[in-house]
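# A look at the structure
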2 protein chains.
Amino acid sequence: MAIISPSRRLRRTPFSDAVEAAGVGGYTVYNHMLLPTFFESPEADYHHLKRHVQVWDVACERQVELRGPDAARLMQTLTPRDLRGMLPGQCFYVPVVDETGGMLNDPVAVKVAEDRFWISIADSDLLLWVKGIALAYRMEVLVDEPDISPLAVQGPKSDDLMARVFGEDVRNLRFFRYSVFDFEGTDIIIARSGYSKQGGFEIYVPGFDLGRPIWDALFKAGEDLNVRAGCPSAAERIEGGLLSYGNDMTRDNTPHECGLGRFCNTETAIGCIGRDALLRVAKDGPIRQIRAIEIKERVPACDRAWPIMAKGKQIGQVTSAAWSPDFDCTVAIGMVLMTHWDPGTVLHIETPEGPFEGTVREAFWA
Amino acid sequence: MAIISPSRRLRRTPFSDAVEAAGVGGYTVYNHMLLPTFFESPEADYHHLKRHVQVWDVACERQVELRGPDAARLMQTLTPRDLRGMLPGQCFYVPVVDETGGMLNDPVAVKVAEDRFWISIADSDLLLWVKGIALAYRMEVLVDEPDISPLAVQGPKSDDLMARVFGEDVRNLRFFRYSVFDFEGTDIIIARSGYSKQGGFEIYVPGFDLGRPIWDALFKAGEDLNVRAGCPSAAERIEGGLLSYGNDMTRDNTPHECGLGRFCNTETAIGCIGRDALLRVAKDGPIRQIRAIEIKERVPACDRAWPIMAKGKQIGQVTSAAWSPDFDCTVAIGMVLMTHWDPGTVLHIETPEGPFEGTVREAFWA
């Protein structure tokens, strides 16, 4: 196993010291920033996430802030999702596409005020796209990366832990809504959201210096809840059908191929980039689409797209795979041609360690 | 030391299998792609680079291709360097800045034809910036990431090795010029360039499948030259004053702060983004600038910016540092305020493992 070599370019987060003290075992790089990949072991972390509560350093979900008179117009320019009904206090999952309908990012937009949005991004420099568009369209809007570092609290005991630190009101937050809470005199935006299906919150920590005090407060309050440092679990997120930009989709894919057609109100999202291409796509539907794929055996680490073959031709690819202890199989995500995407279809998957058989499922596992 | 966790998102290159067979010890991530950081050890690799010849997987220098009637106009829009005299066959180092003059990337532009450029990028998704600008300005140009993977041959024996594989004519290439050479029937662009001061070439390998044959041909031809797999050496590139985007400069910095003012012909580069801001900067010059800094002792890995302090105030930061076996000191790069940037000034540098003293040098080491 190769180590990851440190440099300033792989940015540390407000929580990196704490993450290292907690014994992080692996890292990936996400938005030029360190993202932990496991602590005890992927399997031990997985079981703990499903039973207790974890604190995740997801500062790598960098924010792109839009602020000014044209902020709302710019936000609608960026996505085919119709944002007219969006109110402050809401978070919207918004596909962002280029002029051909290719996915550039699949972020969560947070409407902070009528003239202010945060876009909580997946792994691409969406800032450069948004800045380029705003500049060339001469929009009256400031576009920047503010010093905000999301910290996630995930797992079935999340409500209990959060209530102890931020007050009982946090329990009343609805899914994908946020509200402002106090931490030692500072207003903090907290949303009920996160990259797992175990329930939880994302704390938008404002300012590097507040990172460690909030981390420490959560660990102090959660001792008897068995709180631990954690991170997104590959197996758990695949079970739940949570896609990963760069893994399960790239600029080659339309939202419809990714199963995100329901987030495209292309008819009414007037002014959005990619509208012409997506109206065309919406007419016929995609010819390939994301599917949940079950493999009986353990497979190697999915470090590249694995071709899915039929009669000597490639009809798809597997892009994420992990062993699921709870379902006692490998859970996988792939993009499959319509000729082979029906549930029950047996797929022939080629990996560097040989071929495996997979089966298309009706739905994700959890 | 944490391991790097594999996923499709951290893209493998045409050379990754060969790199792993050669015993890569560490990786970083660059443009969402794997970049080796050492093989035998950073010091052993450094000595070998300066004496023999190495083959580097720098496929992570992704290309942004501009193609079409507006390609040249778009290229000039992107950079304050005056490109009117640029001819096919030339490579230009071009600062790319935003509307405030902040560095977005410091790539090498390759003029492939009058209506076609490749931008060989440093570590940011410049593709998104260029696509956004081209789209919003309604330029007649295709912008894409072609399937081209640079492979560098670096070290004093580079000419000998390259001549054996691509013919004697390769010796006649001048610095930052390219020409087209044949490899088993395929035309390949080769430039005299690379991220070291030891001399060498960059081969723009067209197509994933050609990667391994070229790699293997170089190793077969170079056995008696002691050819080895290598990668950019932190110590060697700091000695030579080669900057690293994301380490030594970010969007916060102007080209002038980075010592790249000589690449800004802002008066005549009409139409370039950031012109107003850079004309202002050029009037007074920068108040802080990149400096070579010598430290007597070995220092920890520079995984974050280290503050440089004077009388309780921060007057700069160190952003890269590595032990130099040849100069028997730590060679470092920092951004220093004009009050402290004169050669010989002693700097107080704060690292996580305590303070160190550094001295501003007149110039880089090599």
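Quick caveat: nothing in here was measured; it's all calculated off a predicted structure.

Time to look at the pattern of salt bridges. Inspection of the entire model under this criterion finds 55 salt bridges over all chains. Among the salt bridges present, the one from B:Lys50 reaches B:Glu239, with a minimum N-O distance of 2.7 Å. Highlighted residues: B:Lys50 in helix H2 (residues 42-51) and B:Glu239 in helix H7 (residues 234-239), separated in sequence by 189 residues. Take B:Lys50: its relative accessible area is 18%, and that puts it in the buried class. The structure contains a network of salt bridges with shared partners spanning A:Arg12, A:Asp17, A:Glu20, B:Asp303 and B:Arg304.

What follows covers the pairing of strand E12 (residues 148-154) of chain A. All names here are of chain A. With respect to burial, E12 is a largely interior element, seven of its seven residues being buried. Side-chain alternation along E12 places Ile-148, Pro-150, Ala-152 and Gln-154 on one buried face and Ser-149, Leu-151 and Val-153 on a second face that is also buried. Pairing of strand E4 (residues 54-57) with E12, which is carried by four bridges, proceeds in the antiparallel orientation. Paired with Val-55 across the two strands is Val-153, which belongs to E12. As paired strands, E12 and strand E15 (residues 200-206) are joined by seven bridges and run antiparallel to one another. Among the inter-strand pairings, Gln-154 is bridged to a residue of E15, identified as Gly-200.

This paragraph deals with helix H5 (residues 158-166) of chain B. Residue pairs three or four apart in sequence face the same way in an α-helix, which turns once every 3.6 residues. Residue and element names in this part refer to chain B. Taking burial as the measure, the nine residues of H5 include seven buried ones, the bulk of the element. Those residues of H5 that sit buried are Ser-158, Asp-159, Leu-161, Met-162, Ala-163, Val-165 and Phe-166. Structurally, H5 contributes buried residues whose contacts are with strand E12 (148-154), strand E13 (178-183), strand E14 (186-191), strand E15 (200-206) and helix H6 (211-221). The positive-phi residue at the C-terminal boundary of H5 is Gly-167, with phi of around 100°.

A few words now on the relation of the copies chain A and chain B. In screw terms, the move from chain A to chain B is a rotation of 180° and a rise of 0.0 Å along the axis, fitting with an RMSD of 0.0 Å. Overall, the copies show the geometry of a two-fold rotation axis. Minimal C-alpha separation from the rotation axis in chain A is found for A:Ile3, amounting to 2.1 Å. With an isologous cut-off of 70% or more, the 100% of interface residues of chain A that recur at the interface of chain B puts this contact in the isologous class.

Attention shifts here to the domain arrangement of chain A. One can read the domain layout of chain A as domain 1 (16-61 + 147-237), domain 2 (63-144) and domain 3 (287-366). For domain 2 of chain A and domain 3 of chain A, the distance between their C-alpha centroids amounts to 33 Å.

Sheets are built from strands that pair by backbone hydrogen bonding, the pairs being arranged parallel or antiparallel. All names here are of chain A. An order of E13-E14-E15-E12-E4-E16 is seen for the six strands of this open sheet, with the pairing classed as mixed. The open sheet has two edge strands with one neighbour each: strand E13 (178-183) and strand E16 (228-230). Averaged over neighbouring strand pairs, the angle between their axes works out to 30° when direction is ignored. The sheet strands contacting helix H5 (residues 158-166) are E12, E13, strand E14 (186-191) and E15, and the helix crosses E15 at an angle near 35°.

Reading the values: rules and limits
Residues numbered from 1 in each chain as written. Chains lettered and ligands numbered in written order. Predicted model: local features only at pLDDT ≥ 70, side-chain atom pairs only at ≥ 80, totals over all residues. Heavy atoms only, no water. Salt bridge = Lys/Arg side-chain N within 4 Å of Asp/Glu carboxyl O. Helix = DSSP H or I, 4+ residues; strand = E, 2+ residues; numbered from the N terminus. Buried < 20%, exposed > 50% of the residue type's maximum accessible area, 1.4 Å probe, protein only. Pairing = 2+ DSSP bridges. Contact = heavy atoms within 4.5 Å. Least-squares fit on C-alpha atoms with pLDDT ≥ 70 in both. Domains from an automatic or database assignment. Axes fitted to C-alpha atoms, helices over the stretch in contact; angles between N-to-C directions.

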